[in-house]
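# Structural characterization, general
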Amino acid sequence: MSGMKGRVPALDGLRGVAIALVVLTHAHLIPGGWVGVDMFFALSGYLITSLLLGEHDRTGSISLPAFYKRRALRLGPALLVALTGMVLLWATVGRGSVVLADALLVLLYLGNVGRAVFTNPMTPASWSWSLAIEEQFYLLWPLTLRRLLRSVTRQQLARSLVVLAVVVGLARLVLHAHGAVTYNLVRGDDLM
């Protein structure tokens, strides 16, 4: 596995399919929007891993400060606008203080934790659960990958990643086949 070079149109097509699955599920036209969410997570993992490996190939290391700065600049401005709008909208109906706690969870990328822990999982910021999971992955994966690249060969890393992907995929299928909702096992709420 080496760093990806440029844009891959086929991945854009897969993103489109994932978006369609999620939107159609939320519109109650088809079941199974979790497949679209899984596709997003898998694509994100692949793309981030490819970018990190490309940086490692070019420079011999992975700059964590540069990676986290790029993530903050990519998502931060849009997230701040969305949260500001959410707080202002809810303030107009007298619920601004309630939504401030939600906004803080979103800013800290803990929307999934808030949804799993609090008694009312449907809050104004409940949309942020998948963003939180993705950002938590972005927090941990570059650290893990950098450490792995220091201790194993590229071939060992590739084999380990394939085995990990197969194990996680099979576990996800087994859990789904038995009715478990894997994105929110704490509360058992079906998110899709």
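Residues numbered from 1 in each chain as written. Predicted model: local features only at pLDDT ≥ 70, side-chain atom pairs only at ≥ 80, totals over all residues. Heavy atoms only, no water.

For the protein, the count of helices and strands is seven helices and zero strands. The buried share of the protein, taken over its 192 residues, is 33%. The long-range share in the protein, meaning contacts at least 24 apart out of those at least 6 apart in sequence, stands at 59%. When the accessible surface of the protein is split by element, carbon and sulfur atoms take 70% of a total near 11700 Å². (Helix = DSSP H or I, 4+ residues; strand = E, 2+ residues; numbered from the N terminus. Buried < 20%, exposed > 50% of the residue type's maximum accessible area, 1.4 Å probe, protein only. Contact = heavy atoms within 4.5 Å. Areas by Shrake-Rupley, 256 points an atom, 1.4 Å probe, with all protein chains shown as cover.)

The topology assignment puts D102 in helix α4 (residues 96–107). Residues contacting D102, with those up to four places away along its chain left out, are M86, T123, P124 and A125.

Note on aromatic pairs: each is described by the distance of the centres and the angle between the planes. Using the criterion set out here, one finds four aromatic pairs in the structure. Note on F67 and Y68: the rings are 5.4 Å apart at their centroids and 75° apart in plane angle, and the pair reads as edge-to-face. Y68 gets classed as partly exposed once you look at its relative accessible area, which sits at 26%. Aromatic side chains F137 and Y138 sit 6.0 Å apart centroid to centroid with 55° between the ring planes, which places their arrangement in the tilted category. On the accessibility criterion, Y138 (5% relative accessible area) is buried. These aromatic residues form a ring-pair network of at least three members: F67, Y68, F137, Y138 and W141. (Phe/Tyr/Trp six-rings, centres within 6.5 Å; stacked < 30°, edge-to-face > 60°.)

We now examine the confidence of the model for the protein. Mean pLDDT for the protein: 82, with 86% of residues reaching 70 or above. Every residue in residues 184–192 is under pLDDT 50, and counting partners more than four places away or in other chains gives 27 contacts. (pLDDT = per-residue confidence, 0-100.)

Moving on, we come to the environment of S130. Checked against the element boundaries, S130 lands in helix α6 (residues 129–151). Judged by relative accessible area, which is 23%, S130 ranks as partly exposed. Along the chain, S130 and G111 lie 19 residues apart, while their C-alpha atoms are 8.0 Å from each other.

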